[in-house]
Amino acid sequence: MDTERPVSNVVLITVDSLRADAIGPYEETRHTPVMDALADRGTVFDRAFATGNWTPFSFPSILASRPVFVDTGRIGVDDARTLPEVLSAEGIATGGFNAANGFLTEYWGYDDGFDEFEPFITSVGSSIYSRYLAKHPTVEAWLQLASSPIRRAHAWLTGAADDRPFLDTSRMFDVEHAATSFIEETDSPFFLWIHYMDTHTPYVPAPRYIREVSSGFLGTHRMIHAHTRTGLGWDVDERTLNELRTLYQAAVRQVDASVGRLIDALTENGVADETAVVLAGDHGEEFQEHGHLAHYPKLYDELIHVPLIVDVPGTDSRRIEGGVGLDAIPPTVTDLIGVRPDETWAGESLLGSVRDGTPPSSDPVVSVTVRGEEVTSQPIPRAPVDGDLLVSAREGPWTYILNAGNGSTELYHRPSDPTQQTDLTGDPTADQREVMERLDPLLEAHATSIRNPDGGESDEGTVDEDLETRLEALGYR
């Protein structure tokens, strides 16, 4: 451990399905005042990229600085040295609170190293009614929306405080209250990880946040209309797509407000001046940029370009243009607290960029996904043997994608084609061909390194009933 400790505590906030352009620091028209203030104080990494298109493929990098599959051919971090394990071994108190994402549980090793860990995946009950609501959180939210005026009237008549004016389908309040209690009850130094699910489908924000991000006076009917059409499998017309975008942005604002309350808790407990805050999306979200919703197996920017903000007390505000991967989070956190990073970690610390603007490494950022026979195949592939392995590299202005299953490639120039619509591999210029020839060995080597040498098996295993129900509620069958 270093003799000088730059900060005493670090709070890592990860937000599921949060694309970069969903928040104000990356898109000035967005309404995220808390995250805007965080960015105004801290360092914004303009080109931060997830290492996978969905949670099980991105989180091994976020909490263990390891590429998915490279160690075991499976998702999870069971055989990796995780960030909380490294910190706990140095006497740092650790707490982790996940808003019921079934892929971030002890089943896949994510509790390792945490003194306090709660994924909020509790028993959903045995009745047909309770299990139906657990698998259909949108219906549960509709019931809450219908009853919320009655609850507010009751709170007003009785004079009772009601800090839960909407149903906590995303478990946001559970996570927030657990994190606040951890801050109140834990002595420094500490590491706190919080994972929000509000911006994951289905988007069920409180109506007041829908009104904040849209021009409409009422928001409930938008939610019901959009979720009814998508739930019934109807075509997503332009109105429905706009409503889904509005609901998504309202959910972002809902998280933004919760983050504000957590930052207030740091101040109220006298630790804000010695606590660094790191905020990141674990992957993005598609709104038909490439023909689908949510985050199916693709490697375009709407799924891979994510926010990364690091706010360290006493440092200047700045923006960093160089590309970085989320595997930089663990070594950055250890560097902030003054703990030696694990030697197996793949990422490099960004503390130099935060402290004095030092450009990050120019190495390409590699991301992966696995695609079945169809993009929308269910269950979504969870292991390299379940479909075609896709690997991408982002280097400077270029995105290069290799389908290691059939050998096809795609090349995009992001500055002139920000949504990656024009594949340049059909008739590349000499410069474009040079980019492809330079990145080909990298992608092929990465594909080779993550294939299971023994043929592997699909990572299904035996998942308990409550966890399987939660995964189904999130759309993973």
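Here the structure is a predicted model, which is why all the values come from computation and not from measurement. (Residues numbered from 1 in each chain as written. Predicted model: local features only at pLDDT ≥ 70, side-chain atom pairs only at ≥ 80, totals over all residues. Heavy atoms only, no water.)

Observations concerning helix H2 (residues 55-64)
For H2, a buried count of 10 out of 10 residues is recorded, marking the element as mostly surrounded by other parts of the structure. Thr55, Pro56, Phe57, Ser58, Phe59, Pro60, Ser61, Ile62, Leu63 and Ala64 are the residues of H2 that are buried. As for H2, its buried residues are in contact with strand E1 (9-15), helix H3 (83-89), strand E5 (190-196), helix H11 (329-337) and strand E12 (365-371). Looking at the residues trailing H2, positive phi occurs at Ser65, about 50°. (Buried < 20%, exposed > 50% of the residue type's maximum accessible area, 1.4 Å probe, protein only. Helix = DSSP H or I, 4+ residues; strand = E, 2+ residues; numbered from the N terminus. Contact = heavy atoms within 4.5 Å.)

Here's the deal with the packing of aromatic side chains
Inspection of the entire model under this criterion finds 16 aromatic pairs. Residues Phe97 and Phe182 carry aromatic rings whose centres are separated by 6.3 Å and whose planes lie at 65° to one another, so their mutual orientation is edge-to-face. On the criterion of sequence distance, the pair formed by Phe97 in strand E3 (residues 93-98) and Phe182 in helix H6 (residues 172-185) is long-range, its members being 85 residues apart. The same class applies to Phe97 and to Phe182, which are both buried. Each ring, one from Tyr300 and one from Tyr412, has its centre 5.8 Å from the other, and the planes form 85°; the classification is edge-to-face. Placement of Tyr300 in the loop between strand E8 (293-294) and helix H10 (301-304) and of Tyr412 in strand E15 (residues 409-413) is noted, with a sequence separation of 112 residues between them. (Phe/Tyr/Trp six-rings, centres within 6.5 Å; stacked < 30°, edge-to-face > 60°.)

Examining the nonpolar core
Ranked by size, the top nonpolar core spans 67 residues in total, and within it Val10, Phe45, Phe191, Trp193 and Leu308 carry the most contacts. Take this core: its biggest share by element is six residues, from helix H13 (residues 430-450). Not counting residues within four places of it along the chain, the set of residues in contact with Phe45 comprises Tyr26, Leu308, Val310, Ile320, Val324, Leu350, Ser353 and Val354. Core analysis: the second largest hydrophobic core is formed by 51 residues, Ala39, Ala179, Val259 and Leu266 among them. (Core = buried A, V, L, I, M, F, W, Y, C linked by side-chain atoms within 4.5 Å.)

Re the environment of Glu106
With respect to the helices and strands, the residue Glu106 is situated in the loop between E3 and strand E4 (116-118). The class for Glu106 is partly exposed, based on a relative accessible area of 45%. It is 9.0 Å that separates the C-alpha atoms of Glu106 and Asp78, two residues lying 28 residues apart in sequence. Residue contacts for Glu106: discarding those within four places in its chain leaves Asp111, Phe117 and Pro119.

Overview of unusual backbone geometry
Residue Ser188 is joined to Pro189 through a cis peptide bond whose omega torsion reads 0°. In this fold, Pro189 is placed in the loop between H6 and E5. A cis amide bond links Thr201 with the next residue in sequence, Pro202, at an omega value of -5°. Among the structural elements, Pro202 can be located in the loop between E5 and helix H7 (207-213). Its identity is not glycine, yet Ser17 carries a phi of approximately 65°, on the positive side. Tracing the backbone through its elements, the reader meets Ser17 in the loop between E1 and helix H1 (33-41).

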